[in-house]
Number of protein chains: 2
Amino acid sequence: MTIPFLTPDLRSELDLRLAKVREQMTADKLDAILVGSTVNIYYLGGCIFRGYIYVPAYRNPLFFIIPPSFADEKDFCVAVRKPELIAEVLGEKGYEFPRKLGLEFSDLLYSDVERLKRCFPGAEFADASMSIRKARMVKTGYEILKMKEDGMHQAAVYAQIPHCYQEGMTDIELQIEIERVLRREGCLGILRTAGSRMELNLGSVISGENADTPSPYDFAMGGEGTDPSLPVGANGVTLKPGTSVMIDMNGGFNGYQTDMTRCWSIGEVSELARKAHECSCRILHRLEKIALPGVPISRLYSEAAEIAKSENMHEYFMGHRNKVGFIGHGVGIELNEMPVVMERNHEPLQANMTIALEPKFVIPHVGAVGIENTYRVTENGLENLTPFPEKLSDL
Amino acid sequence: MTIPFLTPDLRSELDLRLAKVREQMTADKLDAILVGSTVNIYYLGGCIFRGYIYVPAYRNPLFFIIPPSFADEKDFCVAVRKPELIAEVLGEKGYEFPRKLGLEFSDLLYSDVERLKRCFPGAEFADASMSIRKARMVKTGYEILKMKEDGMHQAAVYAQIPHCYQEGMTDIELQIEIERVLRREGCLGILRTAGSRMELNLGSVISGENADTPSPYDFAMGGEGTDPSLPVGANGVTLKPGTSVMIDMNGGFNGYQTDMTRCWSIGEVSELARKAHECSCRILHRLEKIALPGVPISRLYSEAAEIAKSENMHEYFMGHRNKVGFIGHGVGIELNEMPVVMERNHEPLQANMTIALEPKFVIPHVGAVGIENTYRVTENGLENLTPFPEKLSDL
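Note that residues are indexed from 1 along each chain, following the sequence as it is written. Lettering of chains starts at A and numbering of ligands starts at 1, both following the order in which they are written. Confidence filtering applies because this is a predicted model: local features only for residues at pLDDT of at least 70, side-chain atom pairs given and counted only at 80 or more, and all residues used for totals across whole chains, interfaces and linings. Hydrogens and water are ignored here; the side-chain numbers use all heavy atoms of the structure.

Asks: Please explain the packing of helix H8 (residues 171-185) of chain A against helix H8 (residues 171-185) of chain B as it appears in this structure.
Replies: The angle between the axes and the distance between the axes are what describe a pair of packed helices. H8 of chain B packs onto H8 of chain A with a crossing angle of 170 degrees between their chain directions and a minimal axis gap of 10 Å. Accordingly, the angle class assigned to the pair H8 of chain A and H8 of chain B is roughly antiparallel. Judged by residue contacts, Ile 172, Glu 173, Gln 175, Ile 176, Glu 177, Glu 179, Arg 180, Arg 183 and Arg 184 of chain A of H8 of chain A engage Ile 172, Glu 173, Gln 175, Ile 176, Glu 177, Glu 179, Arg 180, Arg 183 and Arg 184 of chain B from H8 of chain B. By residue class, the composition of the contact of H8 of chain A with H8 of chain B is four nonpolar, two polar and twelve charged. Only the contacting stretch of a helix is used when fitting its axis, a line to C-alpha atoms as for every element, and angles between N-to-C directions run 0 to 180 degrees. Each helix corresponds to a stretch of at least 4 residues labelled H or I by DSSP, and each strand to a stretch of at least 2 residues labelled E; elements are numbered beginning at the N terminus. An angle below 35 degrees is treated as roughly parallel, one above 145 as roughly antiparallel, one from 65 to 115 as roughly perpendicular, and anything else as oblique. Contact definition: two residues touch when any of their heavy atoms are within 4.5 Å. Three classes are used, and their members are as follows: Ala, Val, Leu, Ile, Met, Phe, Trp, Tyr, Cys and Pro are nonpolar, Asp, Glu, Lys and Arg are charged, and the others, Gly among them, are polar.

Asks: Can you walk me through empty space enclosed by the protein in this structure?
Replies: Here the idea is plain: a probe the size of a water molecule rolls over the atoms and shows the empty space left. Of the two site types, the cavity is a set of points on a 1 Å grid over the protein atoms alone where a 1.4 Å probe fits but cannot get out, and the pocket is an open set with protein on both sides within 12 Å along at least five of seven lines, each lined by residues with an atom within 4 Å of a point. Grid points are joined across faces, edges and corners, and a volume is the space filled by probe spheres set on the points. Throughout the structure, instances matching the rule amount to five cavities of 30 Å³ or more. Of the voids in this model, the largest cavity is the one considered here, and its volume is about 90 Å³. Taken together, Leu 188, Ile 190, Arg 192, Gly 252, Gly 255, Gln 257 and Ile 333 of chain A together with Ser 229 and Leu 230 of chain B form the lining of the largest cavity. Considered class by class, the residues forming the lining of the largest cavity number four nonpolar, four polar and one charged. Considering only enclosed or pocket space, the second largest cavity measures out at about 70 Å³ in volume. Class assignment of the residues belonging to the lining of the second largest cavity gives a composition of four nonpolar, four polar and one charged.

Asks: Help me understand the interface of chain A and chain B, please; the structure alone is not making it clear to me.
Replies: Frequently, the measure chosen for interface size is the accessible area removed from exposure when the parts meet. On the side of chain B, 57 residues touch chain A, which itself brings 57 residues to the contact. By buried area we mean how much accessible surface two parts lose on assembly, using a 1.4 Å probe and totalling the loss over both. For the pairing of chain A and chain B, the buried interface totals around 4800 Å² over both sides, and the portion due to carbon and sulfur atoms is 54%. Counting the surface chain A buries against chain B, the share from its top three residues, Arg 50, Tyr 110 and Arg 183 of chain A, is 15%. Salt bridge, as used here: a side-chain nitrogen of Lys or Arg that lies within 4 Å of a carboxyl oxygen of Asp or Glu. Between chain A and chain B we count ten salt bridges in total. Between Glu 177 of chain A and Arg 184 of chain B there is a salt bridge whose closest N-O contact spans 3.8 Å. N or O atoms closer than or at 3.5 Å make up a polar contact, with two conditions inside protein: a donor-capable atom paired with an acceptor-capable one, and, for residues adjacent in sequence, both atoms drawn from side chains. Seen at the junction of chain A and chain B, the total is 30 residue pairs in polar contact (both at pLDDT 80 or more). Looking at the side of chain A that touches chain B, the elements that each hand over two or more residues are helix H2 (38-45), strand E2 (51-56), helix H4 (110-118) and H8 of chain A.

Asks: Explain the packing of aromatic side chains to me, please; I cannot follow it from the model alone.
Replies: For any pair of aromatic rings, the description rests on two quantities: the centre-to-centre distance and the angle between the ring planes. Aromatic pairs are defined between Phe, Tyr and Trp rings, using the six-membered ring for Trp, whenever the two ring centres lie within 6.5 Å; interplanar angles under 30 degrees are classed as stacked, those over 60 as edge-to-face, and all others as tilted. Following the criterion strictly, the structure yields 22 aromatic pairs over all chains and no others. For the pair Tyr 110 of chain A and Tyr 110 of chain B, a centre-to-centre distance of 5.3 Å together with 10 degrees between the ring planes defines the contact as stacked. Highlighted residues: Tyr 110 of chain A in helix H4 and Tyr 110 of chain B in helix H4 (residues 110-118), drawn from two different chains. Just as Tyr 110 of chain A is buried, Tyr 110 of chain B falls in that class too. Summarising the aromatic geometry, the rings of Phe 63 of chain B and Phe 76 of chain B are spaced 5.0 Å apart at their centres and angled 85 degrees between planes, so their arrangement reads as edge-to-face. With a gap of 13 residues between them, Phe 63 of chain B in strand E3 (residues 62-65) and Phe 76 of chain B in the loop between E3 and strand E4 (77-79) connect regions that are remote in the sequence. Members of the aromatic cluster, joined through ring pairs, are Tyr 54, Tyr 95, Phe 97 and Phe 120 of chain A. Taking the ring centre of Tyr 95 of chain A as reference, the NZ or CZ of Arg 59 of chain A above it sits at 3.9 Å. Only protein chains enter the calculation, and the probe is 1.4 Å; a residue is then buried if its accessible area is under 20% of its type maximum, exposed if over 50%, and partly exposed in between. By the criterion adopted, a ring carries a charge over it if an Arg CZ or a Lys NZ lies within 6 Å of its centre and within 35 degrees of its normal.

This is the structure:
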């Protein structure tokens, strides 16, 4: 593949990202980082190629391109066959040997990192994953636009959900029709997640008792799944009157994701379920106001938990048989970015963080209720990137 | 989640797998292995739970279960909160401290392996990924049945492909309809791959010139994709008379996968393309006969390359602008298992290996042609797990 970069616009965008990564590198005292994961190559290169990006603290970055990827830009691209040749090229180009080199400890396999370490004998190695995650946590204007676009596609898909439903359907049958609408709207069909505890196709549809089944994965809501090889999400239950169906699909239309959840009821659901759903909306509206730059992230969690408690909904808040300890998370290229919105995260919110907030409730015998939006943090509170009606309507 | 094991049948199946892993552990001189990846927990545990499986060379394995996963079987399951508690439990239970402990260097992130290393201070560490991959390479009877079942579902889906097509469709529109049929047939919706160089939703649909576009990923065929964030597969081209469409979806109905490709023509395609397609079929039929236990795997590659050469198809064999160096690969829980069927793999075939063979051709201006089946190696040659008509028919 010939690498499709770089328009002048994209080049200046990548410079912005580079500056943010370098700020973290300075804080972490790294002389250079060598990036090899798909997500971080996409972040720093604007597209995905086979190879590595070398970022020294004080000189221009170099892109090492491995065939079949190919690039014409000789000023910053070097074709190599394998990573073992990188150090030599750096020497030829007069780059200083990095004493402390950052590698992606939490984005690459152990064997991949060990291989890269052997390419730099004598260097000290440190984790670059966290440096880059912290840089990625605060989005550029261009990234926000990408996410807004993603949110608009998501809303267009959610608007079609009532047309996907037919009486007597199972959860998985409904999910399949939604997936088709998502894909026809332009969803790329993969879900990028950080870490090793997330497996899912394009999202989750959960109804009735299944909402109360914990999953071994790190998702806020669980579900049994349809096979022991993928114990999460829809379990094949028929959508029955008196239950709710929670739909948490995950965008992914342009390299960025927004995370969005809406719920529908099948016929009437209990008063308790309705109240819990309204409580979720109230929590979000309150957080939309108080989530200003500088506010500790833990405050969002405690405020949400307090509202749930004051409305006597604590028993069902963020799970019933199994409770999770967060109400939201960063989102961007990956579904689960920094920050995690939990009680013990006292870091301050920053403008242009993008966070998905999902104060949800699991009501026994009914299912999960509540909503989730992806927001941008601004000086005036949260800007909703996934605007869509929030009411619990009959499907 | 409560772990759904273990029926007596599954228990004896897992004992078979354990015996194979132990054989490799002995060859690799490992005192024990500690398994934490999703795929290997599924292989050795029969389901996916949060936690670890500890396998000593000469004593019973122990399952360390982390909440919310939960198991009743007190004889071999221990609930722990985190991996740091594993060594202590082993001591309490009278298990010897492992001098040489195998960890999954090629299945876990660097940071995950480093964390596990710190749980066993003083131990020597070695790679367990390769030991387990070698064990998984030869399937049990139960695994073969799972894969046959998967192949039957695949064939049922492929039979519906002509009904998915409408004149004037793009490649991605056709793919979306096939995905829907796949999911309705029971496909779980994820594609498990080893390593870090594979990203794809449920398979690939490639037509026309797009077949000649290399991808940075490790797939046999490339494709441009529809966005720089996922440069592989369908690129949105309209399916035009005179081109071929290659459909390579990947099963995944029950925890196991089969890999299968069929091609259709849109109207008439060139004589060259037809001949190349027939050459692919001839190669497969020849390999079906000669692929016996004991035969070096490299022989399959060289035989295929020779047939392609003798029919003057070498220029198009396994790619045109970019050629890949293999014609097949193992398949099972993951899409890309051992062995790799390439020229320099001189290991012998073994009975009950399951391999996908895909001698394909890229014909300029037409597209990719050829087929792929997943086979089981038997004493009488290859048994096809994905039987389905092979002809290049008009879609």
